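# An overview of the molecular structure
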Amino acid sequence: MKLKNLLPGALGFGTAPLGNMFRAIPEEEARATVDAAWNDGIRFFDTAPFYGAGLAEARLGEALAVRNRDEFVISTKVGRLILDEMEDVNARELGEKGDVFRHGRANRIVNDYSEDATLRSIEDSLERLKTDRIDIAWVHDVAQDFYGDEWLGVFETARKGAFKALDRLRDEGVIRAWGLGVNRVEPIELLLGLEGPRPDGFLLAGRYTLLDHSRALQRVMPQVAARGLGIVVGGPYSSGALVGGPNFEYAPATQEILAKVQAIKAIADRHNVTMKAAGLQFALAHPAVAAVIPGASRPGRIAEDRAALEAAVPEDFWRELRQAGLVQMEAPLPHGI
């Protein structure tokens, strides 16, 4: 099924923060945040076993257990199993995101993209999420940021295992769609070039944003649009850098990135546009994009995201960004600019 037909709106909720991303979030705050998203009308929730070693899935499942299952869409991910045994959180080898979930659970995380692990991962997620079905399954992080020079070998394991398993589960009606959930363009490009697997779309985090979109724009967005597939844009605020935070791509932002943020903000301020509005509306302007899923760990963030999505942004703002070279010339902009 095409993602745009499956997803119930342009704004979804990314639950990585519920896995105690960067900080320990009290249970009541996590629950209030999911409830705020629901009360706002959000009906698409993205999660993963990796987020806090099962913590985000468990919290989301608890919050949604009281809701009508037919009213919302859940996507989660495969590629990592969460075991009952404990491990030293500080000793985990997790690529570029090593410290992101050090406040999460201490359950041992095992990377495994085989067919058997994929099936087990889905069963485990169903249990944590307290649901009888998962709508979308993303194959998680088969890319350079986690596996370095070994990533192609990991991708090959997924091709023989997870991809085939998810193709079959989708055709059997167990899931409704599948694809990759990654922070890099290259795995998507590679999968699109394969003859066998038939993904329905992709979750691409951080690579189609105001601050970083040139590679995705050239390498994957045209192919995705041409095939009628869809992209869910994760991390539309670039780990917070776009909206004044200190981090870009889960690490301290470089001077180059900070300078770009200031240049965009100067134009945004002149046109009375918030940076959140600029970020969300830029991503959604591309015809390949089916939804954006900013993360939130506090209830108030949900209202900010909704206001940003619906804000009236003048056409001259977008034109000025393009003239200043702050967006790629070929990037589609709102209003068909």
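Structural data are supplied above this passage.
Scope of this entry: the structure provided in the associated data block. Computed from a predicted structure; not experimentally measured.

### A look at the overall build of the chain
Regarding its fold elements, the chain presents 14 helices and 12 strands. In terms of overall size, the chain behaves like a compact globule, its C-alpha atoms giving a radius of gyration of 19 Å where 337 residues would be expected to give roughly 20 Å. In terms of its C-alpha atoms, the chain occupies a principal-axis envelope of roughly 55 × 45 × 40 Å. Each of the 337 residues in the chain was classed as buried or not, and the buried ones make up 58%.

### Things to note about the packing of helix α11 (residues 255-270) against helix α14 (residues 315-323)
The N-to-C vectors of α11 and α14 enclose an angle of 155°; their axes lie 10 Å apart at closest approach. When the axes of α11 and α14 are compared, the pair comes out roughly antiparallel. Between α11 and α14 the crossing geometry is right-handed. Between α11 and α14, the contacting residues are I264, I267, A268 and R270 on the first element and F317, E320 and L321 on the second.

### Describing the side chain of D124
Considering the arrangement of structural elements, one finds D124 in helix α4 (residues 115-129). In contact with D124, not counting residues within four places along its chain, are L81 and I82.

### Concerning the environment of Q223
Topologically, Q223 is positioned in helix α10 (residues 221-226). Judged by its relative accessible area of 28%, Q223 falls in the partly exposed class. A sequence separation of 86 residues divides Q223 from A137, and the C-alpha atoms of the two residues are 21 Å apart.

Cut-offs and rules
The residue count restarts for each chain, going from 1 along the sequence in the order it is written. A pLDDT threshold of at least 70 governs which residues receive local features in this predicted model, and a stricter bar of 80 or more applies before side-chain atom pairs are shown or counted, although totals over entire chains, interfaces and linings include all residues. For the side-chain quantities, the full set of heavy atoms in the structure was used; hydrogens and water were omitted. Helix numbering and strand numbering both begin at the N terminus, where a helix is a DSSP run of H or I of at least 4 residues and a strand a DSSP run of E of at least 2. For the radius of gyration, the atoms used are the C-alpha atoms, and the globule rule reads 2.2 Å times the number of residues raised to 0.38. Exposure is judged per residue with a 1.4 Å probe applied to protein chains only, and the accessible area is read against the type maximum: over 50% gives exposed, under 20% gives buried, and values in between give partly exposed. To obtain an axis, a line is fitted to C-alpha atoms, over the contacting stretch when the element is a helix, and the angle between two such axes runs from 0 to 180 degrees between their N-to-C directions. Throughout, the term roughly parallel applies to angles under 35 degrees, roughly antiparallel to angles over 145, roughly perpendicular to angles from 65 to 115, and oblique to all others. It is the rotation of the near helix from the far one that decides the hand of a crossing: anticlockwise by less than a right angle makes it left-handed, clockwise makes it right-handed. When checking whether two residues touch, look at their non-hydrogen atoms; a contact exists if any pair is within 4.5 Å.

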